[in-house]
Amino acid sequence: MSLAQTLLVALRSLRLNPMRSFLTMLGIVIGVASVVTVLAIGSGAQGRVADQIRAVGANVLMINPGTAQKDGIRLKAGTRLTLTEGDVEAILAQVPQVRAAAGSLSGSAQIVRENKNWNTVVNGTTNGHFLVRDWLLERGRSFNPTEQTTAAKVAILGSVVAKELFGHDNPIGAEVRIMSVPFEVVGVLDAKGPDQDDVVFVPLETAKLRFLGSASGVNRDAVAYIVAKAVSDEAMARARTEIEALLRQRHRMTAGQEDDFRVSDPAAAMDAQRGATRTIALLLTSVAGVSLLVGGISIMNIMTVTVTERTREIGIRRAVGARGADIRLQFLAEALVLCLLGGLVGVVVGTGISLTVARSAGWATVIDAQAILLAVGFSALVGLFFGYYPAHRASRLDPVDALKME
């Protein structure tokens with residue numbers, strides 16, 4: 001028989017007992033569905049972390065105020081603004097591993113344009129912020145030196161704010177009102193991601209003079225946080241160490257005294273998260289692989305029973321000229337068809353679960369064609385591996401003895 005005829009006969013044999021065939025391949029369905037789901041969600045999560053790292057920028061260090069104490073009680077981090085513009089200037093001047101740095105103040109405000117309004121984050125900073133974050137302009141320009149030193153009323157919009165207030169209109173040169181103060185839009189930033197683009201940037205001096213500085217109740221030199229960009233990935237550790245030493249010196253921290261600031265590497269934290277996600281995905285994939293093996297053992301057991309039930313059929317086929325190899329191929333084909341059907345059903349189920357989880361829980365998911373082919377291919381190998389023993393046993397039956405079976 002040709003391969004096509006062999007597969008057709010295998011399908012016909014499986015259709016004679018559909019419930020048993022379904023229950024036999026159920027382990028394969030569960031295993032393949034698990035593999036597809038885990039790989040889809042795992043790949044999506046890793047992709048999301050990679051997007052977050054790109055959104056932060058390459059080789060970026062975040063410097064935030066540390067904890068403060070009042071009347072012997074430790075307050076939460078950031079309660080007191082301990083960083084200043086002088087710290088930014090000192091980092092740029094005295095830490096050669098730092099290429100750019102910028103201090104910022106931020107707060108929420110209502111942005112109004114004609115009859116439209118949008119509540120967003122207003123960030124007062126310098127052009128160094130965009131250099132640190134690798135954040136390019138989609139249109140317009142950045143702040144000029146005069147605007148940064150004279151507290152000019154100019155603004156650069158994130159892509160979300162530009163879309164909400166202006167739609168498809170060109171916002172460059174238009175006026176928006178921030179806390180009732182008119183600002184001219186001079187630029188629109190490229191999209192960084194949904195968590196990054198809902199923001200409006202104004203010059204740092206403008207933020208201090210108009211709203212954020214006075215609202216903070218702190219001295220005019222203070223900033224809420226500092227971002228710094230190292231010259232390379234290899235220079236990150238040295239830059240961090242030197243920044244910590246410099247700020248301790250500038251803030252007159254004595255030996256043993258706790259820092260009043262925190263230097264962190266967001267990309268490293270996100271990369272660690274990505275590694276943890278990868279480890280969990282591998283663990284769950286291993287569990288799914290065990291399910292496939294259990295399904296393979298189930299197939300071997302059922303096929304062994306099938307050989308016993310069809311002993312007389314095997315004897316008749318051998319009597320009319322079928323070779324042992326033909327019998328072996330027939331039963332291998334049945335095991336292979338069972339696993340391939342289970343694999344295809346598992347792909348459909350796994351894809352459905354992945355999309356449902358993504359929609360209901362807001363998790364990222366990536367349906368990878370390679371993962372699907374890997375899962376189906378592995379299920380086929382399981383069928384061939386565990387189907388070989390019963391197929392070989394069937395091929396070794398003596399035709400005379402087989403014909404005597406009832």
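Calculation rules
Residues numbered from 1 in each chain as written. Predicted model: local features only at pLDDT ≥ 70, side-chain atom pairs only at ≥ 80, totals over all residues. Heavy atoms only, no water. Helix = DSSP H or I, 4+ residues; strand = E, 2+ residues; numbered from the N terminus. Buried < 20%, exposed > 50% of the residue type's maximum accessible area, 1.4 Å probe, protein only. Patch = residues over 30% accessible without salt bridge, like charges linked within 9 Å, V, L, I, M, F, W, Y side chains within 5 Å. Areas by Shrake-Rupley, 256 points an atom, 1.4 Å probe, with all protein chains shown as cover. Salt bridge = Lys/Arg side-chain N within 4 Å of Asp/Glu carboxyl O. Polar contact = N/O pair within 3.5 Å; in protein donor to acceptor, adjacent residues only side chain to side chain. pLDDT = per-residue confidence, 0-100. Axes fitted to C-alpha atoms, helices over the stretch in contact; angles between N-to-C directions. Parallel < 35°, antiparallel > 145°, perpendicular 65-115°, else oblique. Left-handed = near helix turned anticlockwise from the far one by under 90°. Contact = heavy atoms within 4.5 Å. Nonpolar A, V, L, I, M, F, W, Y, C, P; charged D, E, K, R; others polar. Pairing = 2+ DSSP bridges. Core = buried A, V, L, I, M, F, W, Y, C linked by side-chain atoms within 4.5 Å. Phe/Tyr/Trp six-rings, centres within 6.5 Å; stacked < 30°, edge-to-face > 60°.

Trainee: Can you walk me through unusual backbone geometry in this structure?
Mentor: Most peptide bonds adopt trans geometry, and most residues besides glycine take a negative phi value. A positive phi is found at aspartate 134, a non-glycine position, where the angle reads about 55 degrees. Residue position: aspartate 134 is located in the loop between helix 4 (127-132) and strand 7 (137-140). The exposure class of aspartate 134 is partly exposed, given its relative accessible area of 37%. Located in the positive-phi region is methionine 179, a residue other than glycine, with phi close to 50 degrees. Tracing the backbone shows methionine 179 in the loop between strand 9 (175-178) and strand 10 (181-189). Look at methionine 179 and you get partly exposed, because its relative accessible area is 47%.

Trainee: How should I be thinking about a nonpolar patch on the surface in this particular structure?
Mentor: Taken together, the side chains of Met19, Phe22, Leu23, Leu26 and Ile30 present a nonpolar region at the surface, about 460 Å² in accessible area. Structurally, leucine 26 can be placed in helix 2 (residues 18-56).

Trainee: I'm lost on the pattern of salt bridges in this one. Help?
Mentor: Close approach of charged atoms lets side chains of opposite charge pair. One pass over the structure, following the stated rule, counts nine salt bridges. Here lysine 229 ties to aspartate 134 by a salt bridge, and the two come within 3.1 Å at their closest N and O atoms. You can see lysine 229 sitting in strand 13 (residues 225-230) and its partner aspartate 134 sitting in the loop between helix 4 and strand 7, a full 95 residues away along the chain. Owing to a relative accessible area of 4%, lysine 229 belongs among the buried residues under this scheme.

Trainee: For this particular structure, what's the right way to read the environment of arginine 248?
Mentor: Inspection of the secondary structure assignment puts arginine 248 in helix 9 (residues 236-250). For the pair arginine 248 and glutamate 258, spaced 10 residues apart in sequence, the C-alpha to C-alpha distance is 9.4 Å. Within the structure, the side chain of arginine 248 is placed 2.9 Å from the backbone oxygen of glutamine 257, a separation counted as a polar contact.

Trainee: So what exactly am I meant to see when it comes to the confidence of the model for the chain here?
Mentor: Close reading of the predicted structure is inappropriate where its pLDDT is low. The predicted model of the chain has a mean per-residue pLDDT of 80, with 80% of residues at 70 or higher. Ranking the elements of the chain by mean pLDDT puts strand 3 (residues 73-74) last with 48 and strand 8 (residues 154-157) first with 96.

Trainee: Would you take a moment to explain the packing of helix 3 (residues 85-94) against helix 9 for this structure?
Mentor: Two elements in contact, helix 3 and helix 9, have axes whose closest approach is 10 Å; the angle formed by their N-to-C orientations is 135 degrees. Compared by their axis directions, helix 3 and helix 9 come out oblique. In terms of crossing hand, the pair formed by helix 3 and helix 9 is right-handed. Listed contacts from helix 9 to Gly86, Asp87, Ala90, Ile91 and Gln94 of helix 3 are Glu242, Ile243, Leu246, Leu247 and Arg250. For the contact of helix 3 with helix 9, the per-class residue count stands at five nonpolar, two polar and three charged.

Trainee: Would you mind going over the pairing of strand 1 (residues 60-65) with me for this structure?
Mentor: Regular strands place side chains that alternate from one sheet face to the opposite one. Counting buried positions over the six residues of strand 1 gives five, a clear majority of the element. The pairing of strand 1 with strand 13 spans four bridges and is antiparallel. Pairing of isoleucine 63 across the sheet is with isoleucine 226, part of strand 13. Where strand 1 lies against strand 14 (residues 261-264), four bridges are found, and the strand directions are antiparallel. Counterpart to asparagine 64 in the pairing with strand 14 is arginine 262.

Trainee: Explain the nonpolar core here, please?
Mentor: Most often, soluble globular proteins keep nonpolar side chains buried together rather than apart. Ile63, Leu83, Ile91, Val98 and Ile243 are the most contacted members of the largest nonpolar core, which has 31 residues in total. In contact with valine 98, other than residues within four places in its own chain, are Ile91, Leu92, Ala228, Lys229, Ala230, Val231, Ala239 and Ile243. Grouped together as the second largest cluster of nonpolar side chains are 25 residues, Val36, Met303, Val347 and Ile372 included.

Trainee: Quick question: what am I supposed to make of the packing of aromatic side chains here?
Mentor: Each aromatic ring pair is specified by the distance between its two centres and by the angle formed by the two planes. For the structure on display, the rule yields four aromatic pairs. Arranged with centres 5.6 Å apart and planes meeting at 85 degrees, the rings of tryptophan 135 and phenylalanine 201 form a pair that is edge-to-face. Taken together, the residues tryptophan 135 in the loop between helix 4 and strand 7 and phenylalanine 201 in strand 11 (residues 199-203) connect sequence positions 66 residues apart. Exposure remark for phenylalanine 201: the relative accessible area of 2% places this residue in the buried category. Arranged with centres 5.0 Å apart and planes meeting at 85 degrees, the rings of phenylalanine 385 and phenylalanine 386 form a pair that is edge-to-face. By relative accessible area, phenylalanine 385 is classed as exposed at 61%.

Trainee: When you look at the environment of aspartate 326 in this model, what are you seeing that I'm missing?
Mentor: Relative to the elements of secondary structure, aspartate 326 occurs in helix 12 (residues 324-361). Aspartate 326 gets classed as partly exposed once you look at its relative accessible area, which sits at 22%.

Trainee: Explain the environment of serine 180 here, please?
Mentor: In this fold, serine 180 is placed in the loop between strand 9 and strand 10. Assessed through its relative accessible area of 58%, serine 180 is described here as exposed. Separated by 70 residues in sequence, serine 180 and glutamine 110 place their C-alpha atoms 8.8 Å apart.

Trainee: How should the side chain of glutamate 147 be read in this particular structure?
Mentor: Note on placement: glutamate 147 falls in helix 5 (residues 145-149). Within polar-contact distance, the side chain of glutamate 147 engages the side chain of arginine 141 at 2.7 Å. In contact with glutamate 147, other than residues within four places in its own chain, are Arg141, Ser142, Ala152, Val154 and Pro203.

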